[in-house]
Structure formats: C-alpha cells, structure tokens
Amino acid sequence: MSDRIDSKGLPPSSITGAPGRNFKENQVGSTWCNSEPLITPQQLVYRFLFGIPLVSRFVDPTTGKQMVMTEPMLSDYIIRAVAVAELEMGVDIFPGAYSEKLPYDKAEYDDFGFMVVNHRPVKSVELLTIRTADNQNVYQVPLEWIETANAAHGQLNIIPMAIGLVQGQYQYPAATVGGSMFLNILGIGHWVPSYWSCEYTTGFDNGSIPIVVNELIGMTAAMNVLSMLAATYAGQTSASQSVDGLSQSNSFPGPALFLNRMKELAMQRKMVIDKVKSLFGLKTFSGNV
C-alpha cells in the first residue's frame, strides 16, 4: 500500500488542525493519533477495571442471581464523570454554545482588542458585536478580524488588518474603514461594563476528544464504579458454617478488594487533572517594548 506524502513527510490524512485549534495547540501534523471518541463501557473495563469482578455481593431478589454492573450502568457512570471532570478542570468537554457579554477595558483594547471569555477551550467564534443594554447590535466586528490563535485558553483578539490585493493595489473591504473609525471612538473611554457581546462554541467534537481527557473521564468513572461495588462488600470480611457439630470459617477481603485500585486511580487522576488544567489555562506573558 502506498500513500501520497506531503511536503511535511506525512500522509494527507494525518494533516489536522491549525493555529488556534483547541488540542494540541498549533500542531499541524502528526503520524500518531492523539484524540479519539468518548470512552466506551468496554474501554472503561479493559483500561481501568481489568480483572476486577463487576458483581455485587447481594442477590437480585427477582432473578435470584448476583447483581452485575451492566453496560448501560457503565455508560451512565461515564456521562456523570464527564460532568465532574468539566467542573473540576473548568474546561468544556462536550460542545456548548454561549452568548456572553464582556466589558470594554481601554488598557486591554489597546493591546489588539484583548479579551478573555469565561468558557474554554473555544472551538469557534460565531459573532462578536457591540451591543446595547436592550440587545440592539450597534456594530458587528468582521469575523476575519478576530484572532483565535489562543482560543484554546479563552483568549480572543481584534486585529482589523483584513486587506486584499486588487489589480496590484491594496484595498480595504467596505466594512473595514468604517469599522476602524468606529472602534477608534472607544479611545475616549476607559471602561464600559457589558460592552461586547460574543457568541461562541466550546468543547470537542465526538471523535476528537484528547486521549488525556478520556483518561481523566475513565479514572473518575472507574473510581465511582469501584466505590459502589466496595459498598456492597462492606459488611462481609468473614463467614462461618456449622453442620452437625462441624464448623468451617472463611475470610474474605471485603471492600479491600477494590480499595487498593481506587487509591492508585486517585493518585493518577490528580496528576492528570493538573496537566489538563495547565493545557487550557490562560497563559500570561511579560516583557519590554
């Protein structure tokens, strides 16, 4: 089998992303896949629960058999783990649409319209306007002016430099000249609350969830599964039987059967949370001009 190779030495199918993609930031090619669909119940078992019996000590009163952790139950644990991971990391995993009002700050506006939205990673920006308190759009910023190279961290910038070369001469789009003049009026003020209105989308498409995020989801779900199973074994560490004067005693690990694995997952989970927070946290820079 022979695949066409591009100028970067990679098959065309491996060229993904661009500056501003939400993971991995600024990567434009890779021979390895670093994202995947949301973790499945089967993957949850063989990645984090291999060799652990997903069976309750209690018997189902209807069937008379021990209760088993089913795939629908594991799917529910995974969805709930996503919600917990989003809250702990301050990162959206499932795609979400937001309409948010941001203040005008002259110091930040002078730095190429610097602004930070409240949710991340930003997947796309649909609208940026100057909107009045009664929700009337005064001016719509052209989308080609919005720089999203740092959108994974929630940072947007306005760079009104969209020009085109027409018949050998540079020409500004019709909206650019008037827009630039309108935006320059902002220089007379210092701070205006809820001035900008931004509509944007965050999160990851299913199929492009970073593997490291899936690891966190799987660890969280596995710990909840193990905790539930451990509770069913909490009252049994030994048992005895007596028949016709003969007795037999047996000892069982009880909840300790699951606790060691839970401790291992808790340690790994803390490390992964810190790493993911650093990936999507807001970067700050300092320097001299």
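The structure this text deals with has already been given above.
Residues numbered from 1 in each chain as written. Predicted model: local features only at pLDDT ≥ 70, side-chain atom pairs only at ≥ 80, totals over all residues. Heavy atoms only, no water.

Peer 1: Got a sec to walk through the overall build of the protein chain? Specific residues and values, please.
Peer 2: When you go through the protein chain residue by residue, the secondary structure sums to 6 helices and 15 strands. Evaluated residue by residue, the protein chain yields a buried proportion of 36% over its 289 residues. Counting contacts in the protein chain only where the partners sit at least 6 residues apart, residues at least 24 apart contribute 69% of the total. (Helix = DSSP H or I, 4+ residues; strand = E, 2+ residues; numbered from the N terminus. Buried < 20%, exposed > 50% of the residue type's maximum accessible area, 1.4 Å probe, protein only. Contact = heavy atoms within 4.5 Å.)

Peer 1: Lay out the sheet that holds strand β5 (residues 115–116) in plain terms, naming residues and giving numbers.
Peer 2: Judged by pairing direction, the sheet is antiparallel, and its 3 strands sit side by side in the order β5-β9-β8 without closing on themselves. The open sheet is flanked by β5 and β8 (146–147), the only strands paired with a single partner. Two elements, β5 and strand β9 (residues 155–158), share 2 bridges in a ladder whose sense is antiparallel. Note on β9: the bridge partner recorded for V116 is Q155. (Pairing = 2+ DSSP bridges.)

Peer 1: Outline the packing of helix α1 (residues 41–48) against helix α5 (residues 211–232), supporting the account with residue identities and numerical values.
Peer 2: Orientation of α1 relative to α5, taken along the N-to-C sense of each, is 80°, at an axis distance of 10 Å. With respect to their mutual orientation, α1 and α5 come out roughly perpendicular. Contacts from L44, R47 and F48 of α1 reach α5 at E215, G218, M219, A221 and A222. Taken together, the residues of the contact of α1 with α5 sort by class into 5 nonpolar, 1 polar and 2 charged. (Axes fitted to C-alpha atoms, helices over the stretch in contact; angles between N-to-C directions. Parallel < 35°, antiparallel > 145°, perpendicular 65-115°, else oblique. Nonpolar A, V, L, I, M, F, W, Y, C, P; charged D, E, K, R; others polar.)

Peer 1: Describe the pattern of salt bridges, naming the residues involved and giving the relevant values.
Peer 2: Per the stated rule, a full pass over the model turns up 8 salt bridges. Across the salt bridge formed by E264 and R261, the nearest N and O atoms sit 3.2 Å from each other. Taken as a pair, E264 and R261 lie in helix α6 (residues 256–280) at a separation of 3 residues, close to a single helical turn. Residue E264 is classed as partly exposed on the basis of its relative accessible area of 41%. (Salt bridge = Lys/Arg side-chain N within 4 Å of Asp/Glu carboxyl O.)

Peer 1: Lay out the nonpolar core with the relevant residues and their values.
Peer 2: Grouped together as the largest cluster of nonpolar side chains are 39 residues, with contacts concentrated most on L44, F48, L49, L54, I93, I217 and V225. Of all elements in the fold, only α1, α2 (71–89), α5 and α6 reach the threshold of two or more residues within this core. Broken down by element, this core gets its largest block of residues, 11 residues, from α5. With residues up to four places along the chain from it excluded, the contact list for I93 reads V82, A85, E86, G203, F204, I209, V213 and I217. (Core = buried A, V, L, I, M, F, W, Y, C linked by side-chain atoms within 4.5 Å.)

Peer 1: Give me the sheet that holds strand β6 (residues 122–131): which residues, what numbers.
Peer 2: Strand-to-strand pairing in sheets goes through backbone hydrogen bonds, with the strands running parallel or antiparallel. Spatially, 4 strands are ordered β4-β12-β6-β7 in an open sheet, and the strand pairing comes out antiparallel. Strands at the two margins of the open sheet, each flanked by one partner only, are β4 (96–105) and β7 (137–140). For this sheet, the mean inter-axis angle between neighbouring strands, taken without regard to orientation, is 35°. Pairing analysis gives 3 bridges linking β6 to β7, with the strands arranged antiparallel. Bridge pairing in β7 links I130 to Y139.

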